Amino acid sequence: AKDKCQKPLAVTHSRYRQHEIKQVTQSWLKSKVIPDGKYLFITLTLKQGQVHQNGVFEKLTTEAADRSVAFLFKNIERDIFGSAAKRFGKHLQRAVFEEGGDKHSEIRIHRHLCVAVPDDYVTAEMLATLFRHYWAKAYWAMRAGSTASTAIHIEEARSPEAVTEYISKNGIEAFCPFTSRL
């Protein structure tokens, strides 16, 4: 009987703690937004599974999706920053969110990115071109047979408020800290 009495208290505390963590993380992400910076919003659609040459089916995992995003940024940062990307750890400022893949949901696994356009290096159009080029080469990226708009969607942020709205819209529980760089 004691366990039954203690469980609701633990569940209530856990939910309160999750809500508290979500609020703190959301305000921290918002503090990272550059007020007069340029941002791109990018949606990457991934294959949900693949059949290998030996006939074995491989299902997409969160780790595999993260590796595809890491591949994308490694190549883009190498093109933009050159050897400084590896030697000095220069990177694009970005927040990465995952959506879909819940076994109770019909939503395909995909990633939402909010990427800051570096001031002195490239324009938003050049950065968008690099994203399209390297996403087409990623192992888990949607390819021919899907329309380009479902494989990758890129739009420029209208204002800093749009960036914070985008961050809030996707939900902090979907924030990917391992592939984000703020």
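Values in this document were obtained by computation on a predicted structure and should not be read as measured data.

Chemist: What is the right way to read the pairing of strand β5 (residues 110-117) from this model?
Modeler: On a regular strand, each side chain points to the face opposite its neighbour's, so the side chains alternate between the two faces of the sheet. The buried fraction of β5 amounts to 8 of the 8 residues, a majority that puts the element mostly inside the structure. With 8 bridges connecting them, strand β1 (residues 38-45) and β5 associate as antiparallel partners. Bridge assignment links Lys38 to a residue of β5, and that residue is Val117. Two strands pair when backbone bridges link them, and strand β4 (residues 94-99) and β5 are joined in this way by 6 bridges, in the antiparallel orientation. Residue Glu99 lies in a different strand from β5, and its bridge partner there is His110.

Chemist: I keep staring at the sheet that holds β5 and nothing clicks. Help me out?
Modeler: Strand-to-strand pairing in sheets goes through backbone hydrogen bonds, with the strands running parallel or antiparallel. Strand order in this open sheet of 4 strands is β4-β5-β1-β6, and the pairing throughout is antiparallel. What marks the edges here is a single partner per strand, and that holds for β4 and β6 (152-156). The mean inter-strand angle of the sheet, taken between neighbouring strand axes irrespective of direction, is 15°. Its contacts with the sheet put helix α2 (residues 62-81) on β1, β4 and β5, and the angle it makes with β5 is roughly 25°. Where helix α4 (residues 124-135) meets the sheet, it contacts β1, β5 and β6, and its direction lies at approximately 170° from that of β6.

Chemist: Please clarify how the nonpolar core should be interpreted in this entry.
Modeler: Nonpolar side chains in soluble globular proteins tend to end up buried together. Judged by nonpolar contacts, the single largest core of 33 residues is most densely connected at Ile42, Ile76, Leu113, Leu127 and Phe131. Elements represented by at least two residues in this core include exactly β1, α2, β5, α4 and β6. Examining the composition of this core, we find that 8 residues originate from one element, α2, more than from any other. The contact partners of Phe131, leaving out residues within four places of it in the chain, are Ile42, Leu72, Phe73, Ile76, Leu113, Val115, Ile152 and Ile154. Residues Phe97, Ala116, Ala162 and Phe175 belong to the second largest nonpolar core, which totals 13 residues.

Chemist: I tried to follow the packing of α2 against α4 on my own but got confused; where do I start?
Modeler: The geometry of a pair of packed helices is captured by two quantities: the angle between their axes and the separation between those axes. For the pair α2 and α4, interaxial distance at closest approach is 10 Å and the crossing angle is 135°. Relative to α4, the element α2 is oriented oblique. Note on packing geometry: the crossing formed by α2 with α4 is right-handed. In this structure, α2 contributes Ser68, Phe71, Leu72, Phe73, Asn75, Ile76, Arg78, Asp79 and Ile80 to the contact, and α4 contributes Leu127, Leu130, Phe131, Tyr134 and Trp135. Class assignment of the residues belonging to the contact of α2 with α4 gives a composition of 10 nonpolar, 2 polar and 2 charged.

So, how was this worked out
- Residues numbered from 1 in each chain as written.
- Predicted model: local features only at pLDDT ≥ 70, side-chain atom pairs only at ≥ 80, totals over all residues.
- Heavy atoms only, no water.
- Buried < 20%, exposed > 50% of the residue type's maximum accessible area, 1.4 Å probe, protein only.
- Helix = DSSP H or I, 4+ residues; strand = E, 2+ residues; numbered from the N terminus.
- Pairing = 2+ DSSP bridges.
- Axes fitted to C-alpha atoms, helices over the stretch in contact; angles between N-to-C directions.
- Contact = heavy atoms within 4.5 Å.
- Core = buried A, V, L, I, M, F, W, Y, C linked by side-chain atoms within 4.5 Å.
- Parallel < 35°, antiparallel > 145°, perpendicular 65-115°, else oblique.
- Left-handed = near helix turned anticlockwise from the far one by under 90°.
- Nonpolar A, V, L, I, M, F, W, Y, C, P; charged D, E, K, R; others polar.

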